[in-house]
Amino acid sequence: MQPQFNLNNENTKIKEKMKNVKHKIAVLSGKGGVGKTTVAVNLATALAESGYKVGLLDLDMHGPNIVRMLGEKNPSVDGEEIVPAEILPNLKALSIGMLVESGKAVIWRGPLKHSAIKQFLGDTKWGELDFLIFDLPPGTGDEALSLFQTLDDLDGVVMVTTPQKVALDDVRRAIDFVHSMNKKLIGIVENMSFVRCPKCGEKIEIFGSGGGKILAEEYNVELLGQIPLDPKAAKLADEGKPVTLYMRESEVEEEFRKIAEKVAKAVEVE
Ligand SMILES: Nc1ncnc2c1ncn2[C@@H]1O[C@H](COP(=O)(O)OP(=O)(O)OP(=O)(O)O)[C@@H](O)[C@H]1O
Ligand SMILES: [Mg+2]
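As the structure is a computational prediction, the values presented were derived from the model and not from experiment.

(A) Focus on the site of ligand 1. Within the structure, ligand 1 sits among 19 residues, and Gly33, Lys36, Thr38, Asn191 and Pro228 are positioned closest to it. With respect to ligand 1, the backbone of Val34 contributes an N or O atom lying 3.1 Å from an oxygen atom. Within the backbone of Asp230, an N or O atom sits 3.0 Å from a nitrogen atom of ligand 1. Compared with its free state, where it exposes 620 Å², ligand 1 has 81% of that area covered by protein. Sorting the residues of the shell around ligand 1 by element identifies α2 (36-49) and α8 (231-238) as the ones contributing at least two each. For the shell around ligand 1, a count of residues per class yields 10 nonpolar, 6 polar and 3 charged.

(B) Focus on helix α7 (residues 211-219). Among all positions of α7, only Gly211, Gly212, Leu215 and Ala216 are buried. Burial along α7 is one-sided: seen end-on, the buried residues are contained in an arc of 130°. The inward-facing, buried residues of α7 contact β8 (156-161), α6 (165-180), β9 (185-191) and β12 (222-227). Asn220 sits one or two residues past α7 and shows a positive phi near 55°.

(C) Up close: the environment of Ser29. Locating Ser29 in the fold gives a position in the loop between β1 (21-28) and α2. On the accessibility criterion, Ser29 (0% relative accessible area) is buried. Expressed as a C-alpha distance, the spacing of Ser29 and Thr124, which sit 95 residues apart in the sequence, is 25 Å. Reaching out from Ser29, the side chain makes a polar contact with the backbone nitrogen of Lys31 at a distance of 3.1 Å.

(D) Examining the side chain of Ser29 more closely. A polar side-chain atom of Ser29 sits 2.7 Å from the main-chain carbonyl oxygen of Val160. Once residues lying within four places of it in the same chain are set aside, the contact partners of Ser29 are Val34, Lys36, Pro138, Gly139, Met159, Val160, Val171 and Ala174.

Calculation rules
- Throughout, a residue's number is its position along its own chain's written sequence, starting from 1.
- A letter from A marks each chain and a number from 1 marks each ligand, given out in the order of writing.
- A pLDDT threshold of at least 70 governs which residues receive local features in this predicted model, and a stricter bar of 80 or more applies before side-chain atom pairs are shown or counted, although totals over entire chains, interfaces and linings include all residues.
- Excluding hydrogens and water, the side-chain values take into account all heavy atoms of the structure.
- Proximity is defined per residue: any heavy atom of the residue falling within 4 Å of a molecule or strand makes that residue near it.
- Two N or O atoms count as a polar contact when they lie within 3.5 Å, although within protein this holds only if one can serve as hydrogen donor and the other as acceptor, and sequence-adjacent residues are included solely when both atoms are side-chain atoms.
- Only the protein chains shown count as cover for residues, and all accessible areas are computed by the Shrake-Rupley method using a 1.4 Å probe.
- Under the DSSP-based scheme used, a helix requires at least four consecutive residues in state H or I and a strand at least two consecutive residues in state E, with every element numbered from the N terminus.
- When residue character is reported, Ala, Val, Leu, Ile, Met, Phe, Trp, Tyr, Cys and Pro are called nonpolar, Asp, Glu, Lys and Arg charged, and the others, Gly included, polar.
- For every residue, the accessible area obtained with a 1.4 Å probe (protein chains only) is divided by the maximum for its type, and the residue is called buried under 20%, exposed over 50%, and partly exposed between those limits.
- The reported arc concerns the directions from the helix axis to the C-beta atoms and nothing else.
- Any pair of residues with heavy atoms lying within 4.5 Å of one another is described as a contacting pair.

This is the structure we're talking about:
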């Protein structure tokens, strides 16, 4: 797939399309592997289960993991538009991983990624949405820059971290980027906060503790949740089953529901 790009047309189309989307939220982190995609998928799923109309757009061009985490679902084409894959009746998703052959690399430089992102925003038939959630690759590279520059009305960014200091260093850089781009930091999600001992129920803090709280206090934003590291959650993700749907009444599910409620509240009161 090579993005087809016509600058004049595209900006108008994006404006028109995005008028139908009430809230636009990006999930970001300065660090790789901390759970951005997990948070994006489960935030979208939890919001959809609460009755909102939700779209999930994977903007990780080189590592599109949403496909695996939601199970293989295919988008279709309607005229010149892409119709995102239906995950639930009120949850749609689109990823470059649904459009290229599995296992094939997407070898694109910045300008091509910028064009592809604009096409995803302007040429996708999302319909009316309450929330459009964007999953981003780690760091503050081309994808985040393109999205932030293109969407003047992005509601804000959910920042994901793990508790350890090495993650916090990178996340601070990402927060600085968000602020430099004049976007709002909605709050911090601390993932992999602890493991619950299956025998005694005690919390084991394998990556240390308090990282999310430190960041939330430092930047005066809400700590949206602390998600435990749970081997079942990792297995379900590999099987394409979001934990909010398949780990009912677990600590992980509860935390994702709380996060979704807080995010919805944060953007709806604006
Ligand atoms: N709370 C959790 N419990 C168990 N496994 C988890 C948890 N959060 C994430 N994982 C697993 O850790 C791995 C990395 O998570 P994920 O892909 O969401 O991170 P990411 O930040 O999006 O990574 P990347 O930087 O590559 O985009 C995945 O296999 C995921 O299933
Ligand atoms: Mg990811």
